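Commentary on secondary and tertiary structure
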Amino acid sequence: MTRYAGNVAAIRALVRDQEVHRDVYVSEEVFQLEMEHMFPNSWVYVGHDSQVPNPGDYFGTTIGTQPVLLVRHTDGTVKVLHNRCPHKGTRITSETCGNAGKFFRCPYHAWSFRTDGSLLAIPLKKGYENTGFEQSHAASGMAPVRHVRNYRGFVFAKINDGGLDFEEFFGESLSSFDNMIDRSPVGQLKVAGGVLRYMHNCNWKMLVENQTDTCHPMVAHESSAGTVVEVWKKAPPGTKKPMAVEIIAPFMSPYEFFENMGIRIWDNGHGHTGVHHSIHSDYSAVPGYFEKMTAAYGEDRAKAILGENRHNTVYFPNIMIKGPIQLLRHFKPIAANKTLVESWTFQLVDAPDMLLERTLMYNRLINAPTSIVGHDDLEMYERAQEGLHSNGNEWVNLQRLYSPDEAGQTNVAVNGTSEWPMRHQFRAWTKFMTMGM
Amino acid sequence: MSMLAEAPLKNATPTDQELIDFVVREARLIDQQRFDEWLDLYANDAFYWMPLEWNQTDPRLTCSLMYEDKLLLSIRVERLKGARTFSQKPKSRCHHVLQTPQVDSRDPTANSYVTWTPMHYIETRMDEQTLFAAWATHHLSVENGRLKIKLKRVDLINCDAAFGNIQLFM
């Protein structure tokens with residue numbers, strides 16, 4: 001039974017000012033429409049260009065559920081190609097990343113393609129003479145994603161031709177990328193340390209919402225962060241606070257801390273927590289780092305860069321970055337009730353190794369399938385995914401600190417415990433779901 | 001040697017059988033959820049390491065699934081007892097199947113003994129049961145007449161796969 005396909009009114013009715021219908025999380029049909037409309041209409045994160053440093057290097061990933069390749073072309077630019085042979089549909093690469101050399105070769109019938117996707121050669125080409133092959137889709141090779149933007153190393157792509165251009169889509173939100181990159185004395189990041197992969201039996205939007213949910217840490221994470229605080233109290237006086245305690249303990253900060261830290265709202269579903277301070281504010285200084293930053297930027301600018309303590313910046317639809325520790329989480333939708341979470345870490349080029357060490361420790365302690373903090377969150381998502389099937393109430397409440405005049409506002413900083421960012425993400429969700437429908 | 005009580009070593013240098021018994025006992029303590037006794041098997045400067053990468057050599061600048069000192073291990077053990085540890089309501093249970101541990105090296109002068117143990121580990125919670133295959137490497141030393149773990153390294157055969165929650169200890 002289809003309820004939502006082609007029915008703009010029905011889709012709009014799923015999102016009210018202060019609540020959303022459970023079908024946005026549990027309906028397979030809504031999920032399919034997200035893949036057909038919402039993701040292709042949005043600028044979606046593909047990867048970082050340091051993952052493909054040399055010509056021929058490729059990295060396989062997804063935009064929504066569509067398989068794509070990030071490729072370094074022979075002319076040095078990065079391309080995003082649909083990862084499908086134009087002949088029979090075979091996925092071209094066997095590994096997630098590698099080097100194709102000068103061309104891709106399909107393992108099924110040996111059709112080959114230049115690294116920009118264009119058709120290079122077909123065996124037994126004579127068989128296509130006088131068949132009108134030149135006019136076929138197949139003759140144009142592996143289809144490139146036409147709209148690609150490399151923003152200071154971070155590569156985004158938009159599959160559909162319609163919609164907003166890159167600047168219009170992201171606007172002021174790019175300042176969070178700028179801050180993360182500027183933390184390198186040479187203004188450059190590099191993917192480093194490996195990627196953590198964590199399978200979640202829940203809808204991808206639950207993860208995105210949770211990035212700006214500041215009313216859950218001291219409740220859900222009492223088990224992990226609360227235990228850290230309790231165990232640490234028993235340490236002999238004068239013991240140096242370990243990096244692990246610095247990382248986990250702030251999750252237990254009181255409501256007041258999160259209220260005061262603030263949330264910023266930008267256009268199109270983007271925004272960040274930690275306007276004034278955050279759980280990353282009180283990390284110990286890393287020896288030699290500030291000196292390097294001062295030498296590179298001057299003292300005032302170095303202080304301004306490092307003084308930003310943005311906690312989680314959400315880029316709609318499905319990534320979050322943490323500037324102060326150079327981490328990016330990618331929430332990859334698989335089904336209405338299944339999401340792959342990839343947590344990527346970055347090295348600040350020309351900065352002390354200890355910063356990467358802290359980044360990796362954070363990732364391991366918070367985002368790993370073996371992480372106790374991650375266990376707390378996933379338990380809640382999976383309980384929600386099940387609980388939403390109750391017919392007792394079909395609506396999810398997002399009402400906290402609602403204001404009737406908020407819909408048109410942008411670039412405002414509000415109370416850090418507001419659910420405005422989630423309402424704002426759903427306004428964007430409706431916009432990109434129904435755009436061109 | 002009784003599997004229930006930890007016995008001091010008979011001599012200053014452990015026999016191969018004593019090393020093997022120790023590794024087997026460690027797994028049993030986890031399976032029986034005797035986590036405080038389990039933690040006592042670890043030296044104060046011990047690490048528990050579960051690499052994320054095949055043949056990983058660096059736990060510091062390459063991410064791991066776990067690389068935890070005794071403080072973090074004790075936090076995990078305390079957390080399992082917590083009244084508001086929701087991901088452990090109901091609790092997980094686990095089961096180890098070990099091959100006989102092999103003594104890879106013994107160096108009494110350096111007080112260093114290394115064993116290698118292929119194993120299957122099953123973790124279960126509610127209706128889900130998950131099987132993991134791994135190799136455990138124990139780096140052991142003698143402290144006050146008893147064996148202690150200096151490093152336990154658990155290499156999963158699918159270390160780089162996307163997992164759901166892994167909640168206990170392998």
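One can find the structure itself at the top, above this paragraph.
So, here is what we can say about the structure in this document. Keep in mind that what you see is a predicted model, and the values were worked out from it rather than measured.

Okay, the interface of chain A and chain B next. Each partner contributes residues to the interface: chain A has 36 residues there, and chain B has 33 residues. For the pairing of chain A and chain B, the buried interface totals around 3,000 Å² over both sides, and the portion due to carbon and sulfur atoms is 61%. On the chain A side of the interface with chain B, the three residues burying the most area are R364(A), T370(A) and H375(A), jointly 22% of the side's total. The interface formed by chain A and chain B includes 4 salt bridges. Taking the shortest distance from any N to any O, the salt bridge between R84(B) and E222(A) comes out at 3.0 Å. In this assembly, chain A and chain B are joined by 14 residue pairs in polar contact (both at pLDDT 80 or more). For the side of chain A that touches chain B, the secondary structure elements donating two or more residues are β13 (196–200), α8 (222–233), α9 (243–248), α13 (353–367) and α14 (372–387) of chain A. In terms of residue count, the dominant contributor to the side of chain A that touches chain B is α14(A) (8 residues).

Looking now at empty space enclosed by the protein. Residue and element names in this part refer to chain A. Counted under the stated rule, the structure contains 5 cavities of 30 Å³ or more. Of the voids in this model, the largest cavity is the one considered here, and its volume is about 290 Å³. Looking at the lining of the largest cavity, the elements with two or more residues in it are β13, α6 (204–210), β17 (319–322), α13 and α14. Here the residues of the lining of the largest cavity sort into 12 nonpolar, 10 polar and 4 charged.

Orientation of α8(A) relative to helix α3 (residues 70–80) of chain B, taken along the N-to-C sense of each, is 120 degrees, at an axis distance of 9 Å. Taken together, the axes of α8(A) and α3(B) are oblique relative to one another. The hand of the α8(A)/α3(B) crossing is right-handed. For the pair formed by α8(A) and α3(B), the contact residues are S223(A), S224(A), T227(A), V228(A) and V231(A) on the first element and L71(B), S74(B), I75(B), E78(B) and R79(B) on the second. Residues that form the contact of α8(A) with α3(B) fall into these classes: 4 nonpolar, 4 polar and 2 charged.

Before going further, it helps to spend a moment on the sheet that holds strand β4 (residues 66–72) of chain A. Residues and elements named next belong to chain A. Strand order in this open sheet of 4 strands is β5-β4-β3-β6, and the pairing throughout is antiparallel. Looking at which strands have only one partner, the edges of the open sheet turn out to be β5 (78–82) and β6 (97–99). Recorded for the sheet is a direction-independent mean angle of 30 degrees between the axes of neighbouring strands. Here 5 bridges tie β4 to β5, and the two strands are oriented antiparallel to one another. Note that in β5 the partner of L69 across the bridge is L81.

What follows concerns helix α5 (residues 174–182) of chain A. Here α5(A) lies mainly inside the structure; 7 of its 9 residues are buried. Looking only at α5(A), the buried set comprises L174(A), S176(A), F177(A), N179(A), M180(A), I181(A) and D182(A).

Buried residues dominate β5(A), accounting for 4 of its 5 residues. Two successive antiparallel strands, β4(A) and β5(A), enclose a turn made up of 5 residues, where G76(A) displays a positive phi of approximately 95 degrees.

Residues and elements named next belong to chain A. Strand order in this open sheet of 3 strands is β2-β11-β10, and the pairing throughout is antiparallel. A single partner strand is all that each edge strand has here, and the edge strands are β2 (44–48) and β10 (147–151). Going from strand to strand, the sheet's axes swing by 25 degrees on average, the running direction of each strand aside. Both β2 and strand β11 (residues 154–158) contribute to a ladder of 4 bridges, which runs antiparallel. Following the sheet pairing, V44 is matched in β11 by A157.

We now examine unusual backbone geometry. Look at the link from F316(A) to P317(A): it is a cis peptide, with omega at 5 degrees. With respect to the helices and strands, P317(A) occurs in the loop between β16 (313–315) and β17. Cis geometry is found at the peptide bond from K89(B) to P90(B), where omega equals 0 degrees. In the Ramachandran plot, R152(A) falls in the positive-phi region, its phi being about 50 degrees despite a non-glycine side chain. Mapped onto the fold, R152(A) is located in the loop between β10 and β11.

The space that makes up the largest pocket amounts to roughly 980 Å³. Elements with a contribution of two residues or more to the lining of the largest pocket: β3 (57–63), β4, β18 (327–335) and β19 (338–348) of chain A. By residue number, the principal contributor to the lining of the largest pocket is β19(A), which donates 5 residues. Taken together, the residues that form the lining of the largest pocket break down as 15 nonpolar, 14 polar and 7 charged. Empty space within the second largest pocket amounts to approximately 770 Å³. Only α14 of chain A together with β5 (112–125) and β6 (128–143) of chain B provide two or more residues apiece to the lining of the second largest pocket.

Time to look at the side chain of T359(A). Residues and elements named next belong to chain A. Among the secondary structure elements, T359 is positioned in helix α13. Its relative accessible area of 0% is what places T359 among the buried residues. In this view, T359 contacts I325, Q326, L327, T345 and F346; residues no more than four positions away in its chain are not counted.

This next bit is on the pattern of salt bridges. All names here are of chain A. If you walk through the whole model with that rule in mind, you get 31 salt bridges over all chains. A salt bridge links R427 to E406; the nearest nitrogen and oxygen atoms lie 2.5 Å apart. With R427 in helix α15 (residues 420–434) and E406 in the loop between β20 (395–397) and β21 (412–414), this pair connects stretches of sequence that are 21 residues apart. Here R427 falls in the partly exposed class, since its relative accessible area comes to 24%. Because the salt bridges share partners, they merge into one network encompassing R152, D178, D182 and R301.

Residues and elements named next belong to chain A. Relative to the assigned elements, G47 resides in strand β2. Distance from G47 to L69, taken between C-alpha atoms, is 9.5 Å for residues 22 residues apart in sequence. For G47, the contacting residues outside a window of four places in its chain are F59, L70, G153, F154 and V155.

Take the packing of aromatic side chains next. Residue and element names in this part refer to chain A. Tallied over the entire structure, the rule returns 35 aromatic pairs over all chains. On the numbers, 4.5 Å between centres and 45 degrees between planes, the contact of F154 with F177 is tilted. Separated by 23 residues along the polypeptide, F154 in strand β11 and F177 in helix α5 bring together distant segments of the chain. Geometrically, the ring pair formed by F166 and F170 is edge-to-face, given 5.1 Å between the ring centres and 65 degrees between the ring planes. Of this pair, F166 and F170 both sit in helix α4 (residues 166–170), 4 residues apart, which is roughly one turn of the helix. Summarising the burial analysis for this pair, F166 and F170 share the class buried.

Cut-off values and rules
- Residues numbered from 1 in each chain as written.
- Chains lettered and ligands numbered in written order.
- Predicted model: local features only at pLDDT ≥ 70, side-chain atom pairs only at ≥ 80, totals over all residues.
- Heavy atoms only, no water.
- Contact = heavy atoms within 4.5 Å.
- Buried area = accessible area lost by both parts, 1.4 Å probe.
- Salt bridge = Lys/Arg side-chain N within 4 Å of Asp/Glu carboxyl O.
- Polar contact = N/O pair within 3.5 Å; in protein donor to acceptor, adjacent residues only side chain to side chain.
- Helix = DSSP H or I, 4+ residues; strand = E, 2+ residues; numbered from the N terminus.
- 1 Å grid on protein atoms, 1.4 Å probe; cavity = no way out; pocket = protein on both sides within 12 Å on 5 of 7 lines; lining within 4 Å.
- Points joined across faces, edges and corners; volume = space filled by probe spheres on them.
- Nonpolar A, V, L, I, M, F, W, Y, C, P; charged D, E, K, R; others polar.
- Axes fitted to C-alpha atoms, helices over the stretch in contact; angles between N-to-C directions.
- Parallel < 35°, antiparallel > 145°, perpendicular 65-115°, else oblique.
- Left-handed = near helix turned anticlockwise from the far one by under 90°.
- Pairing = 2+ DSSP bridges.
- Buried < 20%, exposed > 50% of the residue type's maximum accessible area, 1.4 Å probe, protein only.
- Phe/Tyr/Trp six-rings, centres within 6.5 Å; stacked < 30°, edge-to-face > 60°.

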